[in-house]
Structure formats: structure tokens, C-alpha cells
Amino acid sequence: RNDDLFSMIIRTMVSFAKGENDRARECYSNAMISFCAGNTKSFLFPFEEDFVGMFAFAFPELFEQEHGRRLMRDGELNMLLKMLLKRVKKIRGTDRSTPRLLRARCMELLGLDQGVKLLYDRALQASKIEGNYLAQILAYVWFGNYLVKMGQSQKRNYLRRADKIARALNLNAITSYTQALM
């Protein structure tokens with residue numbers, strides 16, 4: 001089961017928890033390359049694709065917040081982001097909140113600004129309609145940061161909304177994350 005995608009993700013998280021940063025980076029890279037290449041031995045349901053996609057973008061942020069440095073060099077990350085964008089575009093149900101959110105985040109990180117604002121906005125709207133609180137929280141955080149970079153909003157407005165939802169759901173780790181960003 002060493003080549004199972006979810007086993008790779010678990011090894012990434014365990015290595016991170018143990019403080020084995022090089023191993024965590026290697027496991028993360030292997031998991032994402034496997035996901036992008038479609039090297040899964042079994043069919044992935046849309047919610048499984050959503051999970052892996054959210055992990056793909058959340059883990060590097062968590063790593064950076066914890067260690068004060070990036071998970072990967074810019075060149076490595078850029079290559080991986082290009083592969084992730086191709087893979088995320090293939091997730092079933094592209095009009096759902098999570099695939100839209102993942103596409104927007106990937107495009108933003110790649111510097112492809114055309115259409116990012118609209119994708120974030122539609123992802124946020126869809127997450128509210130679907131009742132997908134995790135996508136909604138991440139959309140508020142990522143979209144808020146994007147708007148601040150573009151000079152169009154105050155970061156705290158979106159972070160407060162994300163924090164409010166996380167508090168209401170007793171999501172302590174996410175609450176801590178949003179507090180750290182504020």
C-alpha cells in the first residue's frame with residue numbers, strides 16, 4: 001500500500017508531525033505527483049478528489065505557518081502548481097464549490113490573474129448554497145488575501161467571516177489559523 005495516494009498523504013502528515021521536514025516535503029511531492037498523474041489504483045469519488053485538492057493547497061500553508069519558511073523552492077512549487085491546475089480542471093462536477101475554489105487558488109498562485117476573482121466569487125457563492133463550510137472558510141481566507149493583494153478589500157473583513165464560521169462550528173485549528181492571519 002506504499003503507493004496508495006491516501007497512504008502517501010498520511011505519511012506526509014506523520015512526517016510533518018514528527019518534525020521530519022525533508023521527509024514531509026518528499027512525501028508531499030510524491031503524493032501530489034501521483035494525484036496529478038492519476039496514479040491511483042482505484043477510482044476516486046468527487047469528495048475524495050476534493051479532499052486531496054484541498055490538502056494540496058492547505059498543507060504548504062500549514063507548513064509555512066508552523067516553520068516560518070516555505071515547503072518547497074519556487075521552481076519546484078511552480079512545476080507542481082502547473083500539474084495541479086491540469087488535474088484540478090479534471091475533477092468531476094466543475095461547477096461545485098471545491099473545484100472552483102481549487103482552480104482559483106492554483107491560478108492565483110501561478111500568477112494567472114485573468115478570471116481568478118470571478119472563480120473565487122463563484123466558489124464562495126456555491127459553497128454557501130451547498131453548505132460546504134470548509135470550502136466557504138477557505139474561500140473567505142484565500143479570496144480575502146487575493147483581494148488585498150489587488151488593493152480591493154481589507155483582509156480583516158474576509159478573515160472575520162471565516163473566523164466567525166469556524167468558531168460557530170468549533171473548528172479550533174481553523175480558528176487559530178484565522179487568528180494568526182489577522
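Report follows, based on the coordinates.

Basis of the calculations
- Residues numbered from 1 in each chain as written.
- Predicted model: local features only at pLDDT ≥ 70, side-chain atom pairs only at ≥ 80, totals over all residues.
- Heavy atoms only, no water.
- Buried < 20%, exposed > 50% of the residue type's maximum accessible area, 1.4 Å probe, protein only.
- Disulfide = S-S within 2.5 Å.
- Phe/Tyr/Trp six-rings, centres within 6.5 Å; stacked < 30°, edge-to-face > 60°.
- Helix = DSSP H or I, 4+ residues; strand = E, 2+ residues; numbered from the N terminus.
- Salt bridge = Lys/Arg side-chain N within 4 Å of Asp/Glu carboxyl O.
- Polar contact = N/O pair within 3.5 Å; in protein donor to acceptor, adjacent residues only side chain to side chain.
- Contact = heavy atoms within 4.5 Å.
- Arc of directions from axis to C-beta.
- Expected span 1.5 Å × (residues − 1).

### Notes on unusual backbone geometry
So, point 1. The phi dihedral of N170 falls on the positive side, at around 55 degrees, and the residue is not glycine.
So, point 2. On the basis of relative accessibility, which here comes to 60%, the residue N170 falls in the exposed class.

### Looking at the state of the cysteines
So, point 1. Summed over all chains, the structure comprises zero disulfides.
So, point 2. Lacking any disulfide linkage, C27 is separated from the closest cysteine sulfur, that of C36, by 16 Å.
So, point 3. Note on C27: relative accessible area 5%, which makes it buried.
So, point 4. For the unlinked cysteine C106, the closest cysteine sulfur is that of C36, found at 8.4 Å.

### Digging into the packing of aromatic side chains
So, point 1. Counted under the stated rule, the structure contains 14 aromatic pairs.
So, point 2. Taking 6.0 Å as the distance between ring centres and 45 degrees as the angle between the ring planes, the aromatic pair formed by F16 and F63 counts as tilted. Residue F16 is located in helix α1 (residues 5-18), and its partner F63 is located in helix α3 (residues 46-67); the two are separated by 47 residues in the primary sequence. With respect to class, F16 is no different from F63; both count as buried.

### Looking at the pattern of salt bridges
So, point 1. The full count for this structure, using the stated rule, is 10 salt bridges.
So, point 2. R105 is the salt-bridge partner of E108, the closest N and O atoms lying 3.3 Å from each other. One end of the pair is E108 and the other is R105, both in helix α5 (residues 97-110) and three residues apart, which spans about a single turn.

### A word on the side chain of S97
So, point 1. Among the secondary structure elements, S97 is positioned in helix α5.
So, point 2. Within the local environment of S97, its side chain forms a polar contact with the side chain of E130, the two groups lying 2.6 Å apart.
So, point 3. A polar contact of 3.5 Å, which involves the side chain of S97, links it to the side chain of N132.
So, point 4. With near-sequence residues (within four places) excluded, S97 lies in contact with A123, A126, S127, E130, N132 and A135.

### Describing helix α9 (residues 172-181)
So, point 1. Along α9, the residues that are buried comprise T175, Y177 and T178. Seen from one end, α9 has its buried residues packed into an arc of 160 degrees, which puts them on one side. Exposed positions of α9 whose direction lies more than 90 degrees from the buried face are N172, A173 and A180.

### Overview of helix α7 (residues 133-149)
So, point 1. For α7, spanning 17 residues, the distance from its first C-alpha to its last is 24 Å, which sits close to the expected 24 Å at 1.5 Å a residue.
So, point 2. Positive backbone phi, approximately 75 degrees, marks G151, located one or two places after α7.

### Things to note about the environment of N30
So, point 1. Here N30 is to be found in helix α2 (residues 21-37).
So, point 2. Accessibility expressed as a relative area gives 40% for N30, which makes it partly exposed.
So, point 3. Taking the C-alpha atoms as reference points, N30 and Q114, 84 residues apart in sequence, are found 30 Å from one another.

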